[in-house]
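Each chain, letter by letter, is given below.
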Amino acid sequence: MALNTSADAPLPVGEVSRLIGGWIDRLGAVWVEGQITQLSRRPGAGVVFLTLRDPSYDISVSVTCYRQVFEAVADVVSEGARVVVLAKPEWYAPRGQLSLRATEIKPVGVGELLARLEQLKKSLASEGLFAADRKKALPFLPQLIGLVCGRASAAERDVLENARHRWPAVRFEVRNVPVQGVHAVPQVVQAVKELDALDAVDVIIVARGGGSVEDLLPFSDEQLVRAVAACRTPVVSAIGHEPDNPLLDFVADLRASTPTDAAKKVVPDVGEEYERVRLLRDRARRSVQSFIDREERGLAHALARPSIEDPHRMVDERADQVAALLDRGRRTLGHLLDRADSELTHTHARVVALSPAATLQRGYAVLQKADGHVVRDPDEVVAGEALRARVAEGEFTVRVDA
């Protein structure tokens, strides 16, 4: 319930602390899981103090318990161990501190951790975070590689030395972070996000040497898995632990068995590439030479053909045929013309012989009336009618006698 306060009517600190304590007292006991980061067991003290931390987030809470509660698990619980505690939240009003009063502590066994990881793996897989179609291809020759690893670790040395041995010009952007313990997850996540934000980084390697299942738990954390899944830069998981695969291996774009293997898979070997280039160059040279030889043989075969070797031979062979055909054509045309001339002469003679002019030449005359009508019958004329007589050399007028 909200309190009615103002600048003129504030609550004293003690009252606020008392109210907070009252609200917290209403909470019942809860089971809480975390990792022990600090453990204080003072000799002779009846209370044990420890700090319980969430490995995935930068959040811690103080826990107190009676010595006999802790002594029940003292042989198997130490700093860095994961535990589950049954505790009731308590508010210490004088200092304004929240703590948990534990009444039972249970260590989280390896089998239980693996079972939880398997359940988390199935949940993330159902979301598609491990799908093959989400994985990005690595660049052939990365210019700048982001490396997330422990400071001065063997994993860092293996990646740097092997990569530079394979390709001396390769460059690295290194982020040294804790790779186990309570601070590992947030710092690894932050390092991955920082490298992913750099446009110059072509690929990110998250590397760590081998270790126990508990040591590798940060690389199965859900927060880290989702951060890697959200990266736009290809991520390589190089966690050197073969029997069990942390969840990072499944979400990464490429899994390497060891940091050394990661360097070999990310960076090409300059000697191998030189040899590959040489082989390809020789192969290309042989292909070109084979093509040239094949074309030369084809050209030589074409040049050996009679039509190419003596191109005028065909023309010369056809010249006599053309001349013979031309002479034959001339003769045929001459015969046709002579025959046509003879027929024309005969036809002309017949036409001349049958023409009226030829009849007139033989002494005949044509009588025509004044209107040009030819007289064919004596009954067509009358006495005294003037007619025109046409003869071979001209015409004259005649008059009909009775």
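These numbers come from a predicted model, not from an experiment. (Residues numbered from 1 in each chain as written. Predicted model: local features only at pLDDT ≥ 70, side-chain atom pairs only at ≥ 80, totals over all residues. Heavy atoms only, no water.)

Student: Now, about the side chain of Thr233: what can you tell me, with residues and values included?
Tutor: With respect to the helices and strands, the residue Thr233 is situated in the loop between α6 (222–229) and β9 (235–239). There is a polar contact of 2.8 Å between the side chain of Thr233 and the side chain of Asp196. Leave out the neighbours within four places in its chain, and Thr233 touches Lys136, Asp196, Val201, Asp202, Val203, Ile204 and Asp253. (Helix = DSSP H or I, 4+ residues; strand = E, 2+ residues; numbered from the N terminus. Polar contact = N/O pair within 3.5 Å; in protein donor to acceptor, adjacent residues only side chain to side chain. Contact = heavy atoms within 4.5 Å.)

Student: Can you tell me about the pattern of salt bridges, naming the residues and giving the values?
Tutor: Enumeration over the complete set of coordinates arrives at 20 salt bridges. Between Arg41 and Glu71 there is a salt bridge; the shortest N-O distance is 2.9 Å. Placement of the pair is Arg41 in the loop between β1 (30–40) and β2 (47–54) and Glu71 in helix α2 (residues 67–71), with a sequence separation of 30 residues. When its relative accessible area of 37% is taken as the criterion, Arg41 is described as partly exposed. Among the ionic pairs, Glu173 bridges to Arg175, the shortest N-O distance being 2.9 Å. When its relative accessible area of 27% is taken as the criterion, Glu173 is described as partly exposed. Among the charged side chains, a network of salt bridges with common partners joins Glu275, Arg278, Asp282 and Arg285. (Salt bridge = Lys/Arg side-chain N within 4 Å of Asp/Glu carboxyl O. Buried < 20%, exposed > 50% of the residue type's maximum accessible area, 1.4 Å probe, protein only.)

Student: Describe the state of the cysteines, listing the residues and the values that go with them.
Tutor: If you walk through the whole model with that rule in mind, you get 0 disulfides. Cys149 forms no disulfide, and the closest cysteine sulfur to it belongs to Cys231, at a distance of 16 Å. Judged by its relative accessible area of 0%, Cys149 falls in the buried class. (Disulfide = S-S within 2.5 Å.)

Student: With reference to specific residues and values, describe the sheet that holds β9.
Tutor: Read from one edge to the other, the open sheet built from 5 strands follows the order β7-β6-β8-β9-β10, with strand pairing classed as parallel. The outermost strands of the open sheet, each flanked by one partner alone, are β7 (171–176) and β10 (254–255). Bridging between strand β6 (residues 144–149) and β7 involves 6 bridges; their strand directions are parallel. Paired with Ile145 across the bridge in β7 is Phe172. Packed onto the sheet, helix α5 (residues 184–197) meets β6, β7 and β8 (203–208) and runs at close to 175 degrees relative to β6. Set on the sheet, helix α8 (residues 259–266) makes contact with β6, β8, β9 and β10; between it and β8 the angle comes to about 165 degrees. (Pairing = 2+ DSSP bridges. Axes fitted to C-alpha atoms, helices over the stretch in contact; angles between N-to-C directions.)

Student: So what's going on with the packing of α5 against α6? Residues and values would help.
Tutor: It is at 9 Å that the axes of α5 and α6 come closest, and there the two elements cross at 5 degrees. One finds that α5 runs roughly parallel with respect to α6. Contacts between α5 and α6 involve Val185, Val188, Val189 and Lys193 from the first element and Gln223, Leu224 and Ala227 from the second. Residues belonging to the contact of α5 with α6 are distributed by class as follows: 5 nonpolar, 1 polar and 1 charged. (Parallel < 35°, antiparallel > 145°, perpendicular 65-115°, else oblique. Nonpolar A, V, L, I, M, F, W, Y, C, P; charged D, E, K, R; others polar.)

Student: Could you give an account of helix α11 (residues 311–354), naming the residues involved and the relevant values?
Tutor: Helix length check: α11 (44 residues) gives 64 Å between terminal C-alpha atoms against 64 Å at 1.5 Å per residue, within 8%. Considering bend angle alone, the principal kink of α11 is centred on Ala319 and spans about 25 degrees. (Expected span 1.5 Å × (residues − 1). Bend = angle between axes of the 7 residues up to and from the residue.)

Student: For the pairing of strand β12 (residues 386–391), give the residues involved together with the corresponding values.
Tutor: One ladder, built from 3 bridges, connects strand β11 (residues 366–368) with β12; its direction is antiparallel. Across the sheet, Gln368 pairs through a bridge with Arg388, a residue of β12. Relative to strand β13 (residues 394–399), β12 is paired through 6 bridges, and the arrangement is antiparallel. Looking across to β13, one finds that Arg388 is bridged to Thr397.

Student: Before we move on, can you summarise the environment of Glu127 with the specific residues and values?
Tutor: Residue placement: Glu127 occurs in the loop between α3 (110–126) and β6. The exposure class assigned to Glu127 is partly exposed, which follows from its relative accessible area of 44%. In this structure, the C-alpha to C-alpha distance between Glu127 and Ala365, residues 238 residues apart in sequence, is 131 Å.

Student: Describe the pairing of strand β5 (residues 97–107), listing the residues and the values that go with them.
Tutor: Bridge count between strand β3 (residues 59–66) and β5: 4 bridges; the pairing is parallel. In the sheet register, Thr64 faces β5, and the bridge partner there is Arg101. Note: strand β4 (residues 82–92) against β5, 10 bridges, orientation antiparallel. Along β5, the bridge assignment pairs Val85 with Ile105. Between β4 and β5, which pair antiparallel one after the other, the connecting turn spans 4 residues, and Gly96 there sits at a positive phi close to 65 degrees.

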